[in-house]
Every structure is written in structure tokens, then in C-alpha cells.
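Each chain, written out:
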Amino acid sequence: MKMKSVIIMGIIFNQTGIMSVKENQTIFHEGQDVNSVNVLLKGKAEAYISLFENSEEKSENNILKQSYRIFELGQNTFIGASDILLSGKYSLTCHTVEDSNVYGIVAKNQEQLKAILASNKDYGAFFTASLSALITQSYTAFNKIQEFAAQLGALCDNLSVFLWAHKAHKNFTYLPSGRCFSEGFENYQKILENEATVPDEFSSLFFEQDNSSVFETSYSYSSNLNTSKIKYYKSILNIPSDICKSYFTSDDYVTEYHIKDASECLYDILNSIKNAFRAADSYMSDLFTAGEDCILAEYSEAAAELARSGGNNSTLLRIIGYAMERIKKAIERYKSDYLYTPDIEPKQLDELYAWIESQGISKSQPVSAAWGDNSGEMLPEELRDSARKIVEYSEIPWKQAELFLEDLKLYGRHKSHLQDSESRNLVSSITSNFFLIYENVLKKAVEQKDNSRLINMFLTYAYMDERLLNPKHTLELYRLAGRNLTKAQSSVYDIKTWLTMVYEMEKEPSINEFGQDYYGVFREMKKRGELTDKDKAAYDNGKDNRLKHEINNLFRINQKVCHGQINSYFPILSDEMVARELSKAIVTPELVEQDIVKVLEIDFSAFHREVSFRNAEKDIEKEFIQKFAKPDIILMPTFGSRQVMWQELTGRDRSTSARFVLPLFTSENLFDLIIKLIGNFRWELCRTMMGASWNDVSESSLTSDYTDFIQFYKKNKELSEEAKEKITTQIQKYRNSTREIFTSDYETWIKYESKGILRLNKIARSVLFKHCTFSRKIRESLEKQPVFSDMINQFKNQRTKLVKSLESKYNRYAKLGPLDSELEENLIFYRDL
């Protein structure tokens, strides 16, 4: 299931005071370290809750997208006291609906919270009243979602029971399977034992009724909630404020007891809300999960079986339609009540029902293909003869088109029996024509604004022929093609979106395999006499040429590299390369961004680089600042195992973004691929920034210090013989590539050393700490470890001196006008990160 594509950082109060927060901004997010108790003074905000258990999952990059809105936060309600007392992490996400003012009281632990209560007795009454309000709102939200989940639970149980009863009534042979129907059979037996009845025909009343007492089950999802205590805190809100204030300011122990007790009560309710949402989501999956066993799939198979045996399946068809309508209503409720969008789209259900009714059942044919089985007979009409349709769309010369289709047919029929030379020649011929067809199709689709499923499958996933993929994978792609993979404001792009941006001149073309950018290629052609200065304007603005350059370089080269097995490379997605279900193997922008955030939470400066800043109006001739530049990441349409750090900069500007390439489908650990990308990037960016001095030990840098370490490790007296042997093995493993040796150490640095698990030798650790310093949070967790304490203390002292110098200098600039944002960001980098 998915939600909004908003990615917002929680604000951090460094001192007690009021902060203005714009509309659609996150004040704090669930799982964020508590650093203040907050109260909404003006505006409107809403509370969201997620189902994440692990605090590491609750990154600001993914939390709001996968959370449910549960209530609107009232003004003058203090939030955060319960989190300080019980977990140290915010338990909810607070997101503004309009421009708001928030008052934050800095407090990070119980001692600071007690100090606040001691300094102002009124806060005791305010905190207790606020917790009482939150308890009341949360309990109301819980009852609402519990009712919703119970309705879905009753629908699932009654549907599974009805199918068993209908099987007995119609005496058809199909045997329902899966967890829902094994439980359904037990429930059906209980109905018979209780002499209750199941209607023979469709009855909406039966599917809506609560039979939990007969089934001996429960649709209650509370975690042993103390309703008397909830009623007590709800009643506090009815006490006149002056009496409440007088009572809670009279004794510190009474106040602290109530605040802690109310906090525990609130946490119990929030856990119950999560349980209810989990149940609702589980029931939705039981009802319909594309490509997997589910209640609708079982009903469809049963209806097909009845049709094949000459029976009347109209009742089952009607129930399928009824169940789909209930699912659509549930989807709308998710959207309207909880601002949450399930992965099931109502349009999907409409199309599926029409397909089942017109093709899958009424013609007495098996419907398993619609649910992802291996029967290829029931693919949507749009996908029949896919290759020919795509080739005709491309409008390449007909002789070339026919040759390509013949080659493709030959490959599909005999790929496992072709000799090596035959196979290489055939794949080479198909590959050349594939990229020509791709170029033509993309241009035509862009010009005609064609976003049809088949064309989208071809351009985004390199799908081309239904004979090369089993129907389950083809239908998975068909469903995926109905969604936009690239999200707004994301720097992760599918290949179709990326090439379109290059073609429309929104992005500059990438470098070629020789490291030349698009304009460097012009200079090379000019040297060879192929072009002159008169051709430059047409070359620079030639959309077709830009696209051809990008396809022949970034796309064609990296698709093969990302696949990971050069000898078995094939440009079109086929079963031979698919190692797991596509829906589980797909690399989405959300997953990539989550893992990048996880790395940046450890290595905060990974995408920063030092550049010069000038402002003639303020007489700032040259200030060196740290500049953040997020990389562009392109998802390559292949099932692969390797990542590519294609270029560390765009053009010659040192403040521009890098370009990373990842396979669109992979069975590898995505986090590991991301770490390797960033490790390679750090190395190459340093080489570029340092120029000819990249390995000059007189100028300390990541590359020079690490190269010196690898070159002279055998003579280093600080290393044990065991450590030296490990380095020797490492050098052999990575074929003497210093970049790859460093990247392997960087991976260890991120995955183990950041958690205090020592795996590196002393020298490698010191180089990495100096140039890939851990974030403040990691440093604070490690500073008591002897191996890190000296380095961390030295780092803190250096930073303190530098920040003091910067603040003094920037204060002078500020007298001439508002401080430039670039300088503000630089100060934050050195002071806060």
C-alpha cells in the first residue's frame, strides 16, 4: 500500500520559542528523536500513525507516505511529554494543513521535563489536560478504525464460509485453498454444528452480519485497554480549567504520576490503533492481492469450474461483483478518512471483473491467467502479439522490422539450443535493432503524449514479447505499467522518464564510455573535421541527437553492466534473467530514497563537496563552503545484480549532481548496492576535486591518504601481521583496484563500524573517520569507545574552533544585509551535523 509522495523533514528546536511552519510541512515525524514538547498556537495540523515497529524504518523519507491520518490536533494541545517519558521517540507524525505557529519547549529527557514542570507549575495542568485530550481523540479514532476492520473481517469470513456452503450445494469439484479457506472450512463446520444456515443464493445481509460468536473468533483489536481509565481522563476535560489548574499545581508527585499514567494509557491506545489498521490491511490483502492467492481468485476459479462443468455460476459472479464493490468502498474510506491510498485501484477491479465476466468465465475457460498463473491464454488483448505492435508503432523500415521479428521468434524458440557463435550473432542483431526501435517509439510516444500500457511497459521495463515471459510476470508488468514509477520531486527516474527529460532538454546528456560529455563529443568531432563551429548551435539544441547520444551511451552500456552477466545479456526482459517475483524484485524510487537516507544518517557529508562562493555586493570575493548535491539515479530496465556510478559530476561545474545507475529489478540487497554506489562516488568525486593532486600525500584527501595506506601497508608498524594478511587478501580480491578496496572498507564502515562493531584496522578506520565522518548522533553513541574517543574529541575541538571563526566572519557579512542562504547552510553543516 502507498500514500502521499511528500517527503518532509521534521523541524528541530534548538532553543525554546515560536517557529512558523508552512502549510504541508512536518512539525515532527514518528520515530524522530524527541527534542521538544510542542504546542500548536495558530493554524491547523493533523496527527498520523504508521505500522512500523523498527525505529530504523521510521525515516523522514518514508514515514508520512506510509502513515494514516487519525485526527486533527487541537490548538493549545501539548505533544511530546509522553514520548519523552516512555520512548524518547515521537509516537505520531504531526503535519500542518495550513500555515501554523508552533511553540517548542526544548526537552530531550525526563530530567529536563521535570525541570520544566518545576520552573512553571502551570505546565503540570497543561500537560495533563493535553494528554487527556489526546487520549480522548485517540480512543475515538480507535473505535472508528476497529469498526472498519471488523466489517472487513466479517466480509472475509463470510465469503470463505459461503464458498464452502455453495460447493456443498452445487456439488462442484473445485477445492478452495489458502489460509482464509482453511479457516473458512472450520467456520462452516461450526455453522453446521450450531444448526445455523448459509443462504443458497446471494444475500448482502449474510455477508454483512457479524458471525464471530458462531465462528468463536473476535474482531476486537485492543491491547487490553483500560476503558475505566480512558473514561477517567476523558472526564478530566469536563472539570473547569481553574479547578484543574489548582489541583495539578498543588503537588509535584501527583502531577508527575498523572502525566506518566496518562502517557501509558495513550501508548496503549496508539498500539491498539496500529493493531486495528494491521487487521484492516490484512483483510484487504485477503480479499484481493494481484498475482497471489486471495478470496476473489478462489471465487473466480470456482466460477470457472462451474462453467466448465455446465453449472450455473451466476451467484458466484454476482458475489464477485459485490465483493469488488465492497473493496472499492473500503479504498474510498482509506482515502477520505485516513488520507491513505491502498495499492489496489478501483479501475483495476472494474477491468478485472469485465474480463472475468466476458472472457474468463462465460466462455468456460480457466481464469488462472488473470491471477498470475502460468496459462498464457488469458492475457489482455492489448498484450497479444506485443512485439509486432511495438515494431509497427516504431515505423522502422518494413524489411528491418520483419528481420527483427524473425530474429526474436528464433531466439524465443531455440535460445537454449543455439551454439555460442549463433547466439552471439543473434543477440547482437536483436540488440542493435532493439535500441533503434526504442528510440523511435520514445520520440513518437513523447510527441503524441501516448501513455498506453503496452508502450509504457516497453519504454519503462524493456518488455517486448509475451512469449519471452511467463504470463504471471507479464501481468505483473501490466499492473505496474498502470502506475507512474517516477515520483514528483524525486531524483530517482525510470529510463523512460530520464530519456524524455534529456530529449525535452530538461536534463543534460550523460558522458560516454570515454568520459566525454555531449559537448566534448562535439569538440572531438570538430577536431576530426566532421563538424565546424557553424554546426554548434544545431548540435547543442538537436533533440534527436541528444536522445541518440543518451541511448547509445548511458542506456545501452549500463543496461548490460547492471545485468551483471555479460555472456547472458539480452536487452529485452525475459524469463531467463528473472530470479524472483517482479513485484518483490522491483527497485522503486521510495526504496532507493529510503536506503540513501539510511546511509546519510550515518555518513552525513556523503553528497557534500567544497566549492567557492562569491557575492560582489557584499565584497565576498571567495568563501569556501560545503555544497549539497543529491545524485540523479536512473533505474535501468533489466533484472540485474550490479550498480554503476556513471559520473560524479554533470559537466564541469563542481556543485552539480552525480549520476548513479541501478537495475530496475534485482534479487540483491538494495542497501548494499547503494552503499557501494556511494563508496565509488566518494572516491571519484575526491579524485575530480583534487585533480592532479589526488594521490599527493602532501595534500591530505580521501584518495591520497587511503592510497598511501594501501601502497605502504607492509611497512606500517602500527599494523599487525594478521591485519596485513587481510589487506593482501583484499587487494587480490579486488584486483589491485584501490577504489574498490576503499569501497569494501566503506561498506564495513557503514554497516558495522557505525554500530560499534570493529572490523577495520586502525589505519583504515582513521582515514575513514577523517574523510567520511559519522553523523553527530553516531559520534555521540561511539564517543565512549576507546578506539573512537580520541578521534571524536579531536573532531569536536576542530569543529568548535571552525564554527567560532565562521560565526565571527558571517556576523560581519550579516551587517551588510541578510546572510546568504549558502552561508547559512554552510554554518549549519559545520555546527549541527
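Everything numeric in this text was worked out from a predicted model, so none of it was measured.

Draft legend 1. Inspection of the overall build of the protein chain at higher detail. Tallying secondary structure elements over the protein chain gives 31 helices and 14 strands in all. Relative to a compact globule of 833 residues, whose C-alpha radius of gyration would be 28 Å, the protein chain shows 31 Å and is just as compact. Principal-axis analysis of the C-alpha atoms gives the protein chain an extent of 95 × 90 × 60 Å. For the protein chain, the proportion of its 833 residues judged to be buried stands at 54%. Of all intrachain contacts in the protein chain linking residues separated by at least 6 positions in sequence, the fraction that spans at least 24 positions is 74%. Summing over all exposed atoms, the protein chain offers an accessible surface of approximately 38,400 Å²; the carbon and sulfur share of this is 47%. The average position of the 105 basic charges and that of the 118 acidic charges among the side chains of the protein chain differ by 4 Å.

Draft legend 2. Local environment of the pairing of strand 3 (residues 36-42). For strand 3, the tally of buried residues reaches five of seven residues, placing the bulk of the element in the interior. Pairing of strand 3 with strand 8 (residues 100-106) involves six bridges; the strand directions are antiparallel. Looking at the pairing, Lys42 lines up with Asn101 of strand 8. Of the strand pairs in this sheet, strand 3 and strand 6 (residues 78-79) are connected by two bridges, and their pairing is antiparallel. By the bridge assignment for strand 6, Asn38 is matched with Ile79.

Draft legend 3. Just the sheet that holds strand 1 (residues 17-21), in detail. Taken in spatial order, the four strands line up as 1-8-3-6 in an open sheet, and their pairing is antiparallel. Of all the strands in the sheet, the pair left with one neighbour each is strand 1 and strand 6.

Draft legend 4. Broad picture of the nonpolar core. Of all hydrophobic cores here, the largest spans 123 residues; its most connected members are Tyr438, Met464, Leu477, Val592, Phe665 and Tyr746. Residue contributions to this core peak at twelve residues, all from helix 24 (residues 670-690). Setting aside residues no more than four positions away along its own chain, Met464 makes contact with Ser386, Ala387, Ile390, Val391, Phe404, Phe434, Ile437, Phe458 and Ile572. In this structure, Val37, Tyr188, Phe207 and Ile344 belong to the second largest nonpolar core, which totals 106 residues.

Draft legend 5. Quick look at the environment of Asn484. Looking at the secondary structure, you find Asn484 in the loop between helix 17 (471-480) and strand 9 (492-494). When the C-alpha atoms of Asn484 and Lys560 are compared, they prove to be 24 Å apart, with 76 residues separating the residues in sequence.

Draft legend 6. Seen up close, the pattern of salt bridges. Tallied over the full model, the rule gives 40 salt bridges. We note a salt bridge from Asp122 to Lys245, for which the minimum N-O separation is 3.4 Å. Within this pair, whereas Asp122 is found in helix 3 (residues 122-170), its partner Lys245 is found in helix 8 (residues 241-248), the two being separated by 123 residues in sequence. The shortest N-O distance in the salt bridge between Asp540 and Lys536 comes to 2.6 Å. Remark: Lys536 and Asp540 occur in helix 20 (residues 536-540); sequence separation between them is four residues, near one turn of the helix. Among the residues examined, Lys536 registers a relative accessible area of 35% and is labelled partly exposed.

Draft legend 7. Representation of the state of the cysteines. With the rule as written, the count across this model stands at zero disulfides. Here Cys265 stays unpaired: no disulfide links it, and the sulfur of Cys244, its closest cysteine neighbor, is 16 Å away. Cys265 gets classed as buried once you look at its relative accessible area, which sits at 6%.

Draft legend 8. Focus on helix 24. For helix 24, spanning 21 residues, the distance from its first C-alpha to its last is 30 Å, which sits close to the expected 30 Å at 1.5 Å a residue. Across the 21 residues of helix 24, 17 count as buried, placing the element largely inside the fold. Its side-chain oxygen 2.9 Å from the backbone nitrogen of Phe671, Asn669 forms the N-cap of helix 24. Looking one or two residues beyond helix 24, the residue adopting positive phi is Gly691, at roughly 65°.

Draft legend 9. Main features of a negative patch on the surface. On the surface, Glu23, Glu72, Glu98 and Asp99 cluster together into a patch of negative charge. Residue position: Glu98 is located in the loop between strand 7 (93-96) and strand 8.

Draft legend 10. Broad picture of the sheet that holds strand 13 (residues 644-647). Spatially, four strands are ordered 9-12-14-13 in an open sheet, and the strand pairing comes out mixed. A strand with exactly one partner marks an edge of an open sheet, and here the two such strands are strand 9 and strand 13. Taken over all neighbouring pairs, the strand axes of this sheet differ in orientation by 35° on average, direction set aside. The strands that helix 18 (residues 495-503) touches are strand 9, strand 12 (632-640) and strand 14 (659-666); relative to strand 9, the one it contacts most, it runs at about 95°.

Draft legend 11. Molecular detail of the environment of Arg765. Locating Arg765 in the fold gives a position in helix 28 (residues 762-771). According to the relative accessible area criterion, Arg765 is buried, its value standing at 8%. It is 42 Å that separates the C-alpha atoms of Arg765 and Lys274, two residues lying 491 residues apart in sequence. Excluding residues within four positions of it along the chain, Arg765 makes contact with Trp749, Glu753, Leu758, Arg759, Leu760, Phe788 and Met791.

Draft legend 12. Representation of unusual backbone geometry within the structure. Of note in the backbone geometry, Asn171 takes a positive phi value of approximately 60° without being a glycine. By the element assignment, Asn171 lies in the loop between helix 3 and helix 4 (179-193). Judged by relative accessible area, Asn171 falls into the exposed class, the value being 65%.

Draft legend 13. Representation of helix 19 (residues 518-527) within the structure. Those residues of helix 19 not exposed but buried are Tyr518, Gly520, Val521, Phe522 and Met525. With a side-chain oxygen positioned 3.1 Å from the backbone nitrogen of Tyr519, the residue opening helix 19 is Asp517. Two residues or fewer past helix 19, Gly529 is found with a positive phi of approximately 80°.

Draft legend 14. Quick look at the confidence of the model for the protein chain. On average, residues of the protein chain score 88 in pLDDT, and 92% of them are at 70 or above. Predicted confidence for residues 1-8 stays below pLDDT 50, and this span has 42 contacts to residues more than four positions away or in other chains.

Draft legend 15. Quick look at the packing of helix 15 (residues 420-448) against helix 18. Contact pair helix 15 / helix 18: the axes reach a minimum separation of 11 Å and the direction vectors enclose 75°. Taken as axis vectors, helix 15 and helix 18 run roughly perpendicular relative to one another. The residues of helix 18 that touch helix 15, namely those facing Tyr438, Leu442, Lys443, Val446 and Glu447, are Ile495, Lys496, Leu499, Thr500 and Tyr503. Counted by class, the contact of helix 15 with helix 18 contains six nonpolar, one polar and three charged residues.

Draft legend 16. Seen up close, the packing of helix 18 against helix 21 (residues 543-563). Remark: helix 18 packs on helix 21, axes separated minimally by 8 Å, with the N-to-C direction vectors making an angle of 145°. The handedness of the crossing between helix 18 and helix 21 is right-handed. Each of Ile495, Trp498, Leu499, Val502 and Tyr503 in helix 18 lies in contact with helix 21, whose residues at this interface are Lys543, Asp544, Arg546, Leu547, Glu550, Ile551, Leu554 and Phe555. Of the residues belonging to the contact of helix 18 with helix 21, the class tally is nine nonpolar, no polar and four charged.

Draft legend 17. Inspection of the packing of aromatic side chains at higher detail. This structure, assessed with the given rule, holds 53 aromatic pairs. An angle of 65° between the planes, with centres 6.3 Å apart, marks the rings of Phe607 and Phe628 as edge-to-face. Placement of the pair is Phe607 in the loop between helix 23 (589-600) and strand 10 (608-615) and Phe628 in strand 11 (residues 620-628), with a sequence separation of 21 residues. Three or more aromatic residues joined by ring pairs make a cluster, and in this case those are Tyr68, Phe148, Phe277, Tyr334, Tyr338 and Tyr340.

Reading guide: rules and limits
Residues numbered from 1 in each chain as written. Predicted model: local features only at pLDDT ≥ 70, side-chain atom pairs only at ≥ 80, totals over all residues. Heavy atoms only, no water. Helix = DSSP H or I, 4+ residues; strand = E, 2+ residues; numbered from the N terminus. Rg over C-alpha atoms; globule rule 2.2 N^0.38 Å. Buried < 20%, exposed > 50% of the residue type's maximum accessible area, 1.4 Å probe, protein only. Contact = heavy atoms within 4.5 Å. Areas by Shrake-Rupley, 256 points an atom, 1.4 Å probe, with all protein chains shown as cover. Lys, Arg positive; Asp, Glu negative; His and termini not counted. Charge placed at Lys NZ, Arg CZ, Asp CG, Glu CD. Pairing = 2+ DSSP bridges. Core = buried A, V, L, I, M, F, W, Y, C linked by side-chain atoms within 4.5 Å. Salt bridge = Lys/Arg side-chain N within 4 Å of Asp/Glu carboxyl O. Disulfide = S-S within 2.5 Å. Expected span 1.5 Å × (residues − 1). Polar contact = N/O pair within 3.5 Å; in protein donor to acceptor, adjacent residues only side chain to side chain. Patch = residues over 30% accessible without salt bridge, like charges linked within 9 Å, V, L, I, M, F, W, Y side chains within 5 Å. Axes fitted to C-alpha atoms, helices over the stretch in contact; angles between N-to-C directions. pLDDT = per-residue confidence, 0-100. Parallel < 35°, antiparallel > 145°, perpendicular 65-115°, else oblique. Nonpolar A, V, L, I, M, F, W, Y, C, P; charged D, E, K, R; others polar. Left-handed = near helix turned anticlockwise from the far one by under 90°. Phe/Tyr/Trp six-rings, centres within 6.5 Å; stacked < 30°, edge-to-face > 60°.

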